[in-house]
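Observations on the model geometry
Read off the chains here:
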Amino acid sequence: MTARSLARVGCLFVAAVAGGFAPAGPPGLRATEPAAAEKGKPNKLAKESSPYLLQHAHNPVDWYPWGPEAFDRARKDKKLIFLSVGYSSCHWCHVMERESFSNPGVAKVLNEHFVCIKVDREERPDLDDVYMTALNVTGESGGWPLTMFLTPDGKPIFGGTYFPPEDKKVGDDTAPGLKSILKKVIELHAKERDGLFKQADRVAEMTVDALERNARGVPLITLTRDMVKDAAGAFAIDPEYGGIGTKKNDFRHAKFPRAAAWAFLLGQSGKPGNEALKKDVQLTLRKMAEGGIYDHLGGGFHRYSTERTWTVPHFEKMLYDNAQLVELYADAYRADPDPLYKRAVAGTLGFVKREMTSPDGAFYSALDADSNGKEGEFYVWTADEIKQVLGAESDVAFLRAVYGVTAPNFEEKYHILRLPKPTADLAKELKTTEDQLVARLEPLKAKLLAARGKRERPFLDTKVIAGWNGQMIAAYARAGEVFQDKAYTAAAATAADFLLKTLRARDGRLLRLYAAAPGEKPAARGNAYLDDYAYLVHGLLNLHDATGEKRWLDEARALADTLMKWHADTTRGGFFYTAHDHEKLFARAKDGYDGAQPSGNGVQARNLIRLWRKTDDLKYRDFGFRTVKSFAGVLRTSPSSVPGIARALDELLDIADKDPTAIEPKSPLTPTDPPRNPKTSADVVKAELTVGPAGADGTQPFTVTLTVTAPWHVYANPAGTDTLKASETTVDATVGGKKVAVAVEFPKGDVAKDTTAGEYRVYAGTVKLTGKVTRGKDDGPLEVRVHVTACKEGTCLLPSVLKLAAGK
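Here's a quick rundown of the structure. (Residues numbered from 1 in each chain as written. Predicted model: local features only at pLDDT ≥ 70, side-chain atom pairs only at ≥ 80, totals over all residues. Heavy atoms only, no water.)

1. Considerations on the overall build of the protein chain
In terms of regular secondary structure, the protein chain is built from 25 helices and 30 strands. Here the C-alpha radius of gyration of the protein chain, 28 Å, is about what a compact globule of 808 residues would show, namely 28 Å. Dimensions of the protein chain along its principal axes, counting C-alpha atoms only, are 95 × 70 × 55 Å. Within the span of the protein chain, comprising 808 residues, buried residues form 55% of the whole. (Helix = DSSP H or I, 4+ residues; strand = E, 2+ residues; numbered from the N terminus. Rg over C-alpha atoms; globule rule 2.2 N^0.38 Å. Buried < 20%, exposed > 50% of the residue type's maximum accessible area, 1.4 Å probe, protein only.)

2. Quick word on the sheet that holds strand β2 (residues 80-86)
Spatial strand order, β1-β3-β2-β4-β5: five strands in an open sheet with mixed pairing. Strands with a single pairing partner mark the edges of an open sheet, and in this sheet they are β1 (63-65) and β5 (156-160). For this sheet the average axis-to-axis angle between neighbouring strands, irrespective of direction, equals 30°. With respect to the sheet, helix α3 (residues 68-77) is in contact with β1, β2 and β3 (114-120), its orientation differing from that of β3 by roughly 160°. Sheet strands in contact with helix α8 (residues 193-211) are β2 and β5, and its direction is about 80° off that of β5. (Pairing = 2+ DSSP bridges. Axes fitted to C-alpha atoms, helices over the stretch in contact; angles between N-to-C directions. Contact = heavy atoms within 4.5 Å.)

3. Comments concerning the environment of Cys93
Position of Cys93 relative to the elements: it lies in helix α4 (residues 91-101). The contacts of Cys93, once residues within four sequence positions are left out, are Tyr52, Gly86, Tyr87, Trp144 and Pro145.

4. Re helix α7 (residues 178-191)
End to end, α7 covers 20 Å across 14 residues, agreeing with the expected 20 Å (1.5 Å per residue, within 8%). Of the residues making up α7, those classed as buried are Leu178, Ile181, Leu182, Val185, Leu188 and His189. For α7, the angular spread of the buried residues around the axis is 130°, confining them to a single face. Those residues of α7 that are exposed and angled more than 90 degrees off the buried face are Lys183, Ala190 and Lys191. (Expected span 1.5 Å × (residues − 1). Arc of directions from axis to C-beta.)

5. Topic: the sheet that holds strand β17 (residues 523-527)
Reading across from one edge, β15-β16-β17 is the order of the three strands in this open sheet, with antiparallel pairing throughout. Edge positions in the open sheet fall to β15 (464-465) and β17, since each of these has one partner strand only.

6. Concerning the packing of helix α5 (residues 104-113) against α7
α7 packs onto α5 with a crossing angle of 20° between their chain directions and a minimal axis gap of 11 Å. One way to sum up the angle between α5 and α7 is to call them roughly parallel. In this structure, α5 meets α7 at a crossing whose hand is left-handed. In this structure, α5 contributes Val106, Val109, Leu110 and His113 to the contact, and α7 contributes Leu178, Lys179, Leu182 and Ile186. For the contact of α5 with α7, the class distribution of residues is six nonpolar, one polar and one charged. (Parallel < 35°, antiparallel > 145°, perpendicular 65-115°, else oblique. Left-handed = near helix turned anticlockwise from the far one by under 90°. Nonpolar A, V, L, I, M, F, W, Y, C, P; charged D, E, K, R; others polar.)

7. Details of the packing of aromatic side chains
By the definition in use, this model includes 27 aromatic pairs. Considering the side-chain rings of Trp63 and Phe101, the 4.9 Å spacing of their centres and the 85° angle between planes classify their relative orientation as edge-to-face. Linking Trp63 in strand β1 with Phe101 in helix α4, this pair joins segments that are 38 residues apart in sequence. Assigned by exposure class, Trp63 and Phe101 land together as buried. (Phe/Tyr/Trp six-rings, centres within 6.5 Å; stacked < 30°, edge-to-face > 60°.)

8. Examining the state of the cysteines
Under the counting rule described, the total for this entry stands at two disulfides. Between Cys90 and Cys93 runs a disulfide, and the two sulfur atoms are separated by 2.4 Å. Handedness here is read from the sign of the S-S torsion; for Cys90 and Cys93, about 80°, the answer is right-handed. Across the pair, exposure class does not vary: Cys90 and Cys93 are buried alike. There is a disulfide in this structure between Cys791 and Cys796, and the S-S distance comes to 1.9 Å. Sign of the S-S torsion, about 105° for the bond between Cys791 and Cys796, identifies this disulfide as right-handed. Judged by its relative accessible area of 2%, Cys791 is buried. For Cys796, a relative accessible area of 45% corresponds to the partly exposed category. Across the protein chain, the way the bonded cysteines pair up, counted in sequence order, is 1-2, 3-4. Here Cys116 is not disulfide-linked; the sulfur of Cys93 is the nearest cysteine sulfur, at 16 Å. In this structure Cys116 comes out as buried when scored by relative accessible area, which is 1%. (Disulfide = S-S within 2.5 Å.)

9. A look at unusual backbone geometry
Pro145 follows Trp144 through a cis peptide bond whose omega is 5°. Topologically, Pro145 is positioned in the loop between α6 (125-137) and β4 (146-150). Omega for the peptide link from Asn717 to Pro718 comes to 0°, which places this bond in the cis form. Looking at the secondary structure, you find Pro718 in the loop between β20 (713-715) and β21 (730-735).

10. Overview of the environment of Leu53
Relative to the helices and strands, Leu53 resides in helix α2 (residues 51-54). For Leu53, a relative accessible area of 4% gives the class buried. Separated by 32 residues in the primary sequence, Leu53 and Val85 have C-alpha atoms spaced 9.7 Å apart. Setting aside its immediate chain neighbours within four residues, Leu53 contacts Leu45, Glu48, Pro65, Lys118, Val119 and Asp120.

11. Points about the side chain of Lys79
Mapping Lys79 onto the fold places it in the loop between α3 and β2. One buried charged side chain, Lys79, makes no salt bridge at all; its nearest oppositely charged neighbour is Asp77, positioned 4.3 Å away. Ignoring sequence-local partners within four residues, the contact set of Lys79 consists of Arg73, Ala74, Asn111, Glu112, His113, Phe114, Val115, Pro152 and His189. (Lys, Arg positive; Asp, Glu negative; His and termini not counted. Salt bridge = Lys/Arg side-chain N within 4 Å of Asp/Glu carboxyl O.)

12. Overview of the environment of Gly720
Tracing the backbone through its elements, the reader meets Gly720 in the loop between β20 and β21. Sequence separation between Gly720 and Val691 is 29 residues; the distance between their C-alpha atoms is 29 Å. With near-sequence residues (within four places) excluded, Gly720 lies in contact with Glu728 and Glu759.

This is how it looks when you write it as structure tokens:
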């Protein structure tokens, strides 16, 4: 975290440490490689099933898994929490584990002054999302490992990503080492505790504001074709190498495949007038498949390219990347039958079958980037190694010509195999046909792959994640459909059967994981998240497309209905990331952002549209529309962040072109079942905001409709007794982020009595609050905040502030 961003949030840390927290894998910052240490005594992570947590199970750090025990300890001992979040195939997570968490001196400081919690982001993506957002709202870019300092109640104070153990020079700056940071945090906690905790409140509030931005009312925006067109034109595409980036630095930065964006752009590229976009899509797909990000020997894609040309990847292989890219290349082949696309699909699915498939037919999570403690060592070659394996000079010369093996392209001595130009062009230069070139290449690749297989292999994370498996089911099913390959379709069906049998509870709800703790049999566990449901429903719908078998449609409907029951925001549309009865954190996300993974809301919006088309059930159409509508504001202001929502809107508008009345909801929302154990008033009180046009008198009218779940009530304003004055329902408002005068007409409410407060008034069921705010015509967006306290039979929940946003 830089001094500038810390100052923005009033951080006391800025006065203590100059410089900045280093991003994961920062340029110029090299990891030191300490000698291998003997395996230490097991800590509290030794009984966990997460491979990532088990990688830290013998650290001298007294790690806790996330849970009540750790927080109880922090509160009892009055210690801050040191939170470290990562995943098993993360290179810089391994570096920090070797450099710092295996260091007895660092561990001694951590154990004496902090309660240390280790989290696997793949097991608890909700925690990762909340605390990564907390880091982002302070102006810092994120990465893994994610390192955060928390109060004993879990509020974020500040954080960063990778820290070297000692201070290091990076260019003209000094990156503070973990030892220095810990020393200053300990000092600040002792001398400025109140200041740190006030900062935590501020950062928590900013985090809640960022995560709940999409849950504050239905935007008053008409959904139009121009919004789709604007989204398609919102991406800066590298004209030379393809991929999405920024023009201001000439696209010279890391590139992620970002398959969700390219799936949207692929669909748009086939529409009249989008010929230039079509060339951009073809360029990108070709450059990725030809580049070093694709494993030309073993198949499959690495996680991302560290530079512009797709040559040097970050070498980990994630199931979700390969699943999305298989589906993308299959769809691209259907639109434009380029043999390169087919080879990319076949090579990737060959890799998944060989290295990422369990005996049960489910799919493992990830392959590490490292082997022998070195990133990429498993995949790269020296010229001499290639010669030793292939032997014949003609074969060596041929392979070097095809893959451009001339000057080293990795760490100044290694070669990452890549196609420097299309195989058709290479074939012409070598005076052969493309088919003959590919055929001659296959046995040479097989020799190199066999030799590579004798090397120290990267770590394989064998946990099975419901959502990621859903994505690979979708990929196999789509490939089976496009290429008419029964083996692909069968692989999808086998995995789907396993998930539906093994990762579903008796009540029909999904579980997140299937994994084993040391010495135990694998078991399903953990609440599923929005993504798990959305991705698996997508996979089942693709299976239905490929086979026509009714059972896949029935299973997709069942999961979609379960998702709507437990995750739907029935007041505003869309879906929350966590279930209504999930562990309550200080913030709850409802996101539409498509990054390396597509947003669950974008995927499920399309799922609902597909379900409607397949079943004629209007509830799917209506909630699909409302999901898209709930993100209309983001789609208008930041279209490149939500291509999945844009894709769903495009499909809705295609239907509306034929029947303009087909997509508008005609059925009322069905209230969400309240949580069984509500903790806050927001769990049982829902609010909806409608606004009128701003008047010439400088005011704007609004109405807030409160829906209070029986048997709860909130207190009227006035409640009728001074005892309940602090609990009365109140309303305030901001325009353009600034507080404004607001006049509200509160209804009288119903009369209630009890022996303590006597007679008083409450609001129960549905009640409308009307009011006016003072504002200018161009002052900015209106946000209304309703303060409520819900009670029943002498029991009250924690007060809540219901934030409702509207357009200008």
